[in-house]
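Take a look at the letters that make up each chain.
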Amino acid sequence: MQTVDLLIVNIDWLITVDADRRIIRDAAIAMNEGSIVAIGKSAELTKIFSGKRSIDGRRTVAAPGFIDCHLHSSFQLSRGLADEANAQSFLFDRMYPYEAALDGDDVRISATLAAAELLKHGVTCFVDPGNYHPEASVEGIMTTGIRAIVSRSSFDLTKSVLGILPERMIESTSVALERAEAVLARYAKPGNPRLGASASFRGLNNASDELILGLDKLARQYGTLLQTHACFSYSTHDSSVARTGMAEIERLEALGVIDERMLIVHSGWLEPEEVAILAQRKPSLVCAPSSSLHNGYGNFLFGKLPELLALGVNVAIGSDHASSGIVDMSQEIRLACCCYKETRINPRVMPPETGLEMATRNGAKAALLSDRIGSIEVGKDADIVLFDTARPEWQPLINPVANLVYSATGDSVRDVFVAGEQVVAGGRLTKVDEAKLYDEIPIAVARFGKHLKLDQMVQLRWPVS
Ligand SMILES: [Zn+2]
């Protein structure tokens, strides 16, 4: 018998999302030193392996940990502050003032809460587009056990057609690049296997060509992602055309920065020429259903992600931010699949298998982590979620992929493992004192709220006594 750190046995259904998309009944997973060393039938693996610790997977479905490819960890305290706002107002009246009001402590608490919510909903890795206190984000994130790619946010143009950024968020191009490099130098290196860094500009309309080219150079130098939001509404599209004469993807193409290292979030408003550029250059794209649905961006009405998937472009999923409500990848997958069916009036579009691929192996590719995560297979890191199927929404259990995408929510997550470490057990975080965290949140809201016109931001329409 070979002794391993952890053996999960008697798993009813194991959805590997491996190269052959194998689904194994009555399965077991053997993990050692953070990696998966064997998967197979429980009856066979228990003859070969004995676990220092063993977990019973009866009445569970196992799947790879979800990879949320777009989540602003500093926005977790913005629930209720940015409702019923169009793209321009959402950014310039709500989120940018909110962000400018945060101090390092607020960001640490927000990031801890974000990671906590992600883990409890089965996300084992997320990509953060960045903020102005990345060290505080890391401090919070790393207490939870989640994997993350962090960034420093970059803007160098005060004015765009859409509005004027708060002074605190504006930097000169050279300062923005210097600070972005400091984050890359600190975090984009081997050493902490759960942490990585990327270069990031928030969007095209407040970024100069020099900033975008400088960040692209840094991303290449450090071998990391280059992230941006693009084409998320008619406003950003129109603003780009008005200022530069080019649509957003056309501008990125003219700058020569699009390739497979690039992560472009939203891509919901695309001109035909932009579709052709994306199909040729093959960056990874992120579908962010909730933010479009909550703010009415039209990304499903006008989006071309099913076509881009068919053209071989890698598309992942992101839950974006708590100001849109849910941070639950199971629900985001369902929305991604179902909203395209609705807008195309075609149930054949976006089957659940595609949705699950987007949230797992496509996400790993988008995060440049395909060699380590995104599927349950031997040699990969043991990032695994067990869903509790002894719940009404999982019954009857005939097709586990369909149930996972169409019926389940993240509330049925029972156990979560990151690099073989159990970070959620029985639906509770193992490394975070949740009660203490929830006590800290009103203190942070009172602190940053002093800098905001909360009475104008909060849309409480019913009397409160
Ligand atoms: Zn975003």
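Presented here is a report on the structure given in the accompanying data block.

Rules and cut-offs
Residues numbered from 1 in each chain as written. Predicted model: local features only at pLDDT ≥ 70, side-chain atom pairs only at ≥ 80, totals over all residues. Heavy atoms only, no water. Helix = DSSP H or I, 4+ residues; strand = E, 2+ residues; numbered from the N terminus. Buried < 20%, exposed > 50% of the residue type's maximum accessible area, 1.4 Å probe, protein only. Patch = residues over 30% accessible without salt bridge, like charges linked within 9 Å, V, L, I, M, F, W, Y side chains within 5 Å. Areas by Shrake-Rupley, 256 points an atom, 1.4 Å probe, with all protein chains shown as cover. Salt bridge = Lys/Arg side-chain N within 4 Å of Asp/Glu carboxyl O. Donors = N, O, S within 2.8 Å, 3.2 Å for Na, K, Ca; no water. Tetrahedral: all angles 85-135°; square planar, octahedral: opposite > 155°, others 65-115°.

Further remarks concern unusual backbone geometry. The linkage connecting Gln 395 with the following residue, Pro 396, adopts the cis geometry, with an omega of -15 degrees. Looking at where Pro 396 falls in the secondary structure, it is placed in the loop between β16 (384-388) and α16 (400-407). Here the phi dihedral of Arg 21 falls at roughly 55 degrees; this positive angle occurs in a residue that is not glycine. With relative accessibility at 37%, the residue Arg 21 sits in the partly exposed group. At His 266, a residue that is not glycine, the phi angle is positive and equals roughly 90 degrees.

Tracing the backbone through its elements, the reader meets Leu 118 in helix α3 (residues 104-120). Linking Leu 118 and Leu 71, residues 47 residues apart in sequence, is a C-alpha distance of 9.4 Å.

Where nonpolar side chains cluster on the molecular surface, the patch consists of Val 458, Leu 460 and Val 464 and spans about 290 Å² of accessible area. Note on placement: Val 458 falls in the segment after α18 (454-457).

His 70 (NE2), His 72 (NE2), His 229 (NE2) and Asp 320 (OD) make up the full set of protein donors to the zinc ion, lying at 2.0 to 2.3 Å. Taken together, the four donor atoms surrounding the zinc ion define angles of 86 to 169 degrees at the centre, an arrangement classified as irregular. Along the chain, the residues donating to the zinc ion are arranged with the sequence spacing H-x1-H-x156-H-x90-D. In this pair, His 70 sits in the loop between β6 (66-68) and α2 (87-101) while His 229 sits in strand β12 (residues 226-230), placing the two residues 159 residues apart along the sequence. When sorted by exposure, His 70 lands in the same class as His 229, which is buried.

Below, the discussion takes up the pattern of salt bridges. Scanning all chains against the criterion turns up 30 salt bridges. Residues Arg 194 and Glu 421 are paired through a salt bridge, measuring 2.8 Å at the closest nitrogen-oxygen approach. On the criterion of sequence distance, the pair formed by Arg 194 in the loop between α5 (173-187) and β11 (195-200) and Glu 421 in strand β18 (residues 421-425) is long-range, its members being 227 residues apart. Under the relative-accessibility criterion, Glu 421 is labelled partly exposed at 26%. For Glu 377, the salt bridge goes to Lys 380, with nearest N and O atoms at 3.7 Å. By relative accessible area, Glu 377 is classed as partly exposed at 22%.

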